[in-house]
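Residue strings, one per chain:
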Amino acid sequence: MRSIILSSMIKALMPLMAVASVFLLLRGHDEPGGGFIGGLLLATGLVGYAVVFGPVAARTLLHVTPRMVVTIGLAIAVISGWIGWVIAGDPFLTSRGHWVTIHLTAESYLKIGPSLGFDIGVYLLVAGSVMTFVFHMMEADSGIEVRES
Amino acid sequence: MTFDSTFLVVAPVAIPLITATLCLFTARRLRLQQLISTIGSLILFGASLVLLLGVAGGEIWTAHLSNWHAPIGIVLVADRLAASMVLLTGICAATIGFFSLSQVAARDQASGFHSLFHFLMAGVCGAFLTGDLFNLFVWFEVMLLSSFVLLGLGGGKKRIQGAVKYVTLNLIGSAIFLVSIGVLYGQLGTLNMADVAAKLADESAEIHGSAIVAVVGLLVAFALKAGVFPLFFWLPASYHAPSPATSAIFAGLLTKVGVYALIRTCTLILPPDAEVVLTVLAWIGVATMFIGVMGAAVQIEFRKVLSFHIISQIGYMVLGLAIYTPLAIGAAVYFMAHNIIAKSNLFLVAGLARRIAGTEDLKALGGLANAKYWWGPWIMIAFFIPAMSLAGLPPLSGFFAKLGILMGGLEVVEQGGTPSLDPVSAAIAVGVALLVGLFTLFSMIKIWNEAFWKPAKQRADGVAIGVDRPTPVALDPRPVPVRFSWFVPSLVMAGITVVMGLFAGPILAWYEAMATELLTPELYRAAVLQGVEP
């Protein structure tokens, strides 16, 4: 789809959406948001880019294959599930007692712990899966053959 | 790091998840991926064995995930029923995983077969272990999605068609499941199975009728997943399509997860005054047995015959559950164990027959009983033992499984009926079960005669059957000679079938003790809800 309005808009919107998705991810700990919805937003931005500039351009922009994003997300999620067990022998997925609070400014702080790791995993997993199948479908539609293994 | 009971309960879910992740990372290196997959399966088998040995005495182990205690957090529960099902999953993972190395087209293996296989194992183990209804739903979805991709892997019209039918009908089941969960949560405010059971059993509390309807809705959803009459259509429409390793794992485990959920719901959650549900289940079981075996009689494709037999065998298990005595439920679970091993094995043999003879059509097959080639006797042994076990010939496991259920039925007749089953119905059920056994034997003999003893015909590609050069699997361009390692998983499973038959006495007694425990749901509730922190 070649439209100057669309292409200039998506260039501005896509980075914004990516930043907003990280915001949603971090906010998800005790307010609406989280990895799933953040991942969807990230994927939406990149899919929008693919709609305008084509899936090949989107893959180039991404540097890694969407499938690798899925894999890394999964690995992060699984590993963070075991952190509590490795440190203190707690059951799978335990976060209680493993939080580190980083004070950024006087009012704002960031709590880092296993469940944030899990959420980041979900974030990447969701974004990666959506991109995997949307890109594949777009390529099938336009007849581009991309082998991915 | 502590390797306590909590760790062991989580391990059967976590091991396949880790294996699947590692398989995704090594997607580009097939050899390494195969190695990881095999090691992962073996570790899963070992862990499930340790878990079963741990709870074999009747203890109930729990793991409160995230350290949030039940009924708030999700709890994994390993009692004897769950642990024995997990062990069977471990056995299937190890044998079928090994089988898949040589029998799944290399391109399919490279495009994600192994990681999906282990995701499926994680889903199955999770469904067996979870003590939370919503979590059960999630595991069902994990199984559904990975099996969808596994079914469609490799492409082709037949596979995609099978996959779409499978997913559509299973999604309807999931929708019913989800609605029931919603209603149940609205009424009771909890989804922990033990807590739901406690609230439904509490006679002082007033329970709205919709909670009972929701429980029945759960049973309908599980019945669809198990493939009972009249909700079985999706099963024979899809199970013959994918690669033999995939259909073996489906045939062995997926429907049994549905049966397991039925057993769990009926024994734990169903309120004691809802006998009518069990009466209906008994008749559904009888109808399932009969319709399944009749469907099998008219099929002429190897795996389609077997698919209809799955349905018929599910009928036995449902009937055993519906008779609802320790003997019958114990026998139903033993039946399930026997069936997982024997049925998976038959699908493996069907795959081998197709590989060697190039077709699955019983009319075109023939001459597999071929003494001229070294593999002739091996494929015969690999088929004969599970087939005769399925037909219920002593001294194999299927005989004792059927015997246990028939004895359960006759016990009901003798005692003049139970609240859910009057003696006449029980007698009819026993009669039908015997008749179905006869038809099963007929079907197995049909395959035995057609595929093995009939004179060999020309193969589809014009080569005479029996030539020691198998048909190349689709997309696998290099024809390789028949190897002994192809038969090893089948022979191991046949060995398990024989051992289960030889030790049927102690195993059945153990299962009966387990069923007695199941029929005392207070034990399960106490184990899950104990130590609830204020």
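Numbering of residues begins from 1 in every chain and follows the order in which that chain's sequence is written. Note on labels: chains are lettered from A, ligands numbered from 1, in written order. The predicted origin of the model limits local features to residues at a pLDDT of at least 70 and limits the giving and counting of side-chain atom pairs to 80 or more, whereas totals for whole chains, interfaces and linings rest on all residues. For the side-chain quantities, the full set of heavy atoms in the structure was used; hydrogens and water were omitted.

So, on to the side chain of arginine 264 of chain B. Residues and elements named next belong to chain B. In this text, helices come from DSSP runs of H or I with a minimum length of four residues, and strands from runs of E with a minimum of two, each type numbered from the N-terminal end. Counting through the fold element by element, arginine 264 comes out in helix α10 (residues 244–269). At a separation of 2.8 Å, a polar atom in the side chain of arginine 264 contacts the side chain of aspartate 79. Only heavy atoms matter for contacts: two residues are in contact if any of them lie within 4.5 Å across the pair. Non-local contacts of arginine 264, meaning those with residues more than four positions away in its chain, are made with Asp79, Leu81, Ala82, Met193, Ile269, Leu518 and Tyr524. In protein, a polar contact means a hydrogen-donor-capable atom and an acceptor-capable atom, both N or O and within 3.5 Å, with residues adjacent in sequence counting only if both atoms are side-chain atoms; elsewhere, any N or O pair within 3.5 Å suffices.

The next subject is the interface of chain A and chain B. Contact residues are listed per partner, giving 18 residues for chain A and 23 residues for chain B. Salt bridges are identified by distance alone: a Lys or Arg side-chain nitrogen within 4 Å of an Asp or Glu carboxyl oxygen. The interface formed by chain A and chain B holds zero salt bridges in total. Between the two partners, chain A and chain B, sit three residue pairs in polar contact (both at pLDDT 80 or more). Charged means Asp, Glu, Lys or Arg here, nonpolar means Ala, Val, Leu, Ile, Met, Phe, Trp, Tyr, Cys or Pro, and polar covers whatever is left, Gly included. Class assignment for the residues of the side of chain A that touches chain B results in 11 nonpolar, four polar and three charged.

Quick look at helix α2 (residues 30–55) of chain B now. All names here are of chain B. Under the convention used throughout, the expected extent of a helix is 1.5 Å for every residue step, that is, one less than its residue count. For α2, built from 26 residues, the straight-helix expectation of 38 Å at 1.5 Å per residue is met to within 8% by its first-to-last C-alpha distance of 37 Å. Whether a residue is buried, partly exposed or exposed follows from its accessible area with a 1.4 Å probe, protein chains only, as a fraction of its type maximum: under 20%, in between, or over 50%, in that order. Of the positions making up α2, those classed as buried are Gln33, Gln34, Ile36, Ser37, Gly40, Ser41, Leu44, Ala47, Ser48, Leu51, Leu52 and Val55. Looking at the buried residues of α2, the elements they touch are α1 (5–25), β1 (61–64), β2 (75–78), α3 (80–103), α4 (106–129) and α18 (504–518).

A separate point is unusual backbone geometry. The bulk of non-glycine residues show a negative phi, and the bulk of peptide bonds are trans. All names here are of chain B. Residues phenylalanine 229 and proline 230 are joined by a peptide bond in cis, for which omega reads 0 degrees. Here proline 230 shows up in the loop between α8 (209–226) and α9 (234–238). Of note, the amide linkage connecting proline 394 to proline 395 takes the cis form, showing an omega dihedral of 5 degrees. Tracing the chain through its elements places proline 395 in the loop between α14 (375–391) and α15 (397–414). Positive phi, normally seen in glycine, also occurs at serine 66, with a value near 60 degrees.

We now examine empty space enclosed by the protein. Residue and element names in this part refer to chain B. A cavity here means a set of 1 Å grid points, computed over protein atoms only, where a 1.4 Å probe fits but cannot escape. A pocket is an open set with protein on both sides within 12 Å along at least 5 of 7 lines, and lining residues have an atom within 4 Å of a point. Grid points are joined across faces, edges and corners, and a volume is the space filled by probe spheres set on the points. By the definition in use, this model includes seven cavities of 30 Å³ or more. Each pocket or cavity is described by its volume, and for the largest cavity that value is around 90 Å³. Phe140, Met143, Leu144, Tyr166, Asn170, Lys225, Trp234 and Leu254 are the residues that line the largest cavity. Only α5 (133–152) and α6 (157–188) provide two or more residues apiece to the lining of the largest cavity. It is α5 that provides the largest number of residues to the lining of the largest cavity, a total of three residues. Residue composition of the lining of the largest cavity, by class: six nonpolar, one polar and one charged. Of the volumes computed, that of the second largest cavity is approximately 80 Å³. Forming the boundary of the second largest cavity are Ile60, Asp79, Arg264, Thr267, Leu268, Glu517, Leu518, Thr520, Pro521 and Tyr524. Those elements that place two or more of their residues in the lining of the second largest cavity are α10, α18 and α19 (521–529). Examining the composition of the lining of the second largest cavity, we find that three residues originate from one element, α10, more than from any other.

A few words on the packing of α3 of chain B against helix α17 (residues 488–502) of chain B. All names here are of chain B. Angles here are taken between N-to-C directions and fall from 0 to 180 degrees, while the axes themselves are lines fitted to C-alpha atoms, restricted in helices to the stretch in contact. The N-to-C vectors of α3 and α17 enclose an angle of 155 degrees; their axes lie 8 Å apart at closest approach. Taken together, the axis directions place α3 and α17 in an arrangement best described as roughly antiparallel. Seen from α3, the contacting residues are Ile91, Cys92, Thr95, Ile96, Phe98 and Phe99; seen from α17, they are Val488, Pro489, Val492, Met493 and Ile496. Tallied by class, the residues present in the contact of α3 with α17 amount to 10 nonpolar, one polar and no charged. Throughout this description, any angle smaller than 35 degrees is read as roughly parallel, any larger than 145 degrees as roughly antiparallel, any in the 65 to 115 degree range as roughly perpendicular, and the remainder as oblique.

With that settled, consider the side chain of arginine 303 of chain B. Residue and element names in this part refer to chain B. Relative to the helices and strands, arginine 303 resides in helix α12 (residues 302–323). At a separation of 2.8 Å, a polar atom in the side chain of arginine 303 contacts the side chain of serine 247. Dropping the residues within four chain positions of it, arginine 303 is found in contact with Tyr239, His240, Ala241, Pro242, Ser243, Pro244, Ser247, Phe347, Ala350, Arg354 and Glu360.

What follows covers helix α3 (residues 55–62) of chain A. Residue and element names in this part refer to chain A. All of the buried residues along α3 are Pro55, Ala58, Arg59 and Leu62. One side of α3 carries all its buried residues, which in axial view fall inside an arc of 100 degrees. Of the surrounding secondary structure, the elements contacted by the buried residues of α3 are α2 (35–53), α4 (66–88) and α5 (114–142). Within this analysis, the arc is defined by the directions that extend from the helix axis to the C-beta atoms.

With that out of the way, let us pick up the confidence of the model for chain A. Of all residues in chain A, 95% attain a pLDDT of 70 or more, and the chain-wide mean is 87. Values of pLDDT, the confidence the predictor places in each residue, fall between 0 and 100. No element of chain A has a lower mean pLDDT than strand β2 (residues 109–112) of chain A, which averages 82, and none a higher one than α2 of chain A, which averages 93.

Glancing now at the environment of threonine 89 of chain B. Residues and elements named next belong to chain B. Along the chain, threonine 89 turns up in helix α3. Given a relative accessible area of 0%, threonine 89 falls into the buried group. For threonine 89 and cysteine 125, which are 36 residues apart along the polypeptide, the C-alpha to C-alpha distance reads 7.1 Å. Sequence-distant contacts of threonine 89, defined by excluding residues within four places in its chain, comprise Met121, Val124, Cys125, Phe128 and Leu253.

For the structure shown, the criterion picks out nine salt bridges over all chains. Two residues, glutamate 31 of chain A and arginine 27 of chain A, come together in a salt bridge whose shortest N-O distance is 3.7 Å. On the basis of relative accessibility, which here comes to 45%, the residue glutamate 31 of chain A falls in the partly exposed class. The partner of arginine 303 of chain B in a salt bridge is glutamate 360 of chain B, and the shortest N-O contact between them spans 2.7 Å. Of this pair, arginine 303 of chain B sits in helix α12 while glutamate 360 of chain B is found in the loop between α13 (326–357) and α14, placing the two residues 57 residues apart along the sequence. The burial state of arginine 303 of chain B is the same as that of glutamate 360 of chain B; both residues are buried. Taken together, the shared-partner salt bridges connect Arg303, Arg354 and Glu360 of chain B into one network.

Moving on: the environment of phenylalanine 45 of chain B. All names here are of chain B. Tracing the backbone shows phenylalanine 45 in helix α2. On the accessibility criterion, phenylalanine 45 (28% relative accessible area) is partly exposed. Along the backbone, phenylalanine 45 and arginine 80 are 35 residues apart, and their C-alpha atoms lie at a distance of 16 Å. Non-local contacts of phenylalanine 45, meaning those with residues more than four positions away in its chain, are made with Leu87, Gly90, Ile91 and Ala94.

Residues and elements named next belong to chain A. In this structure, strand β1 (residues 100–103) lies alongside β2, joined through four bridges in antiparallel fashion. Bridged to isoleucine 102 within β2 is leucine 110. When DSSP finds two or more bridges between a pair of strands, those strands are recorded as paired. Linking β1 to β2, which pair antiparallel, is a turn of five residues.

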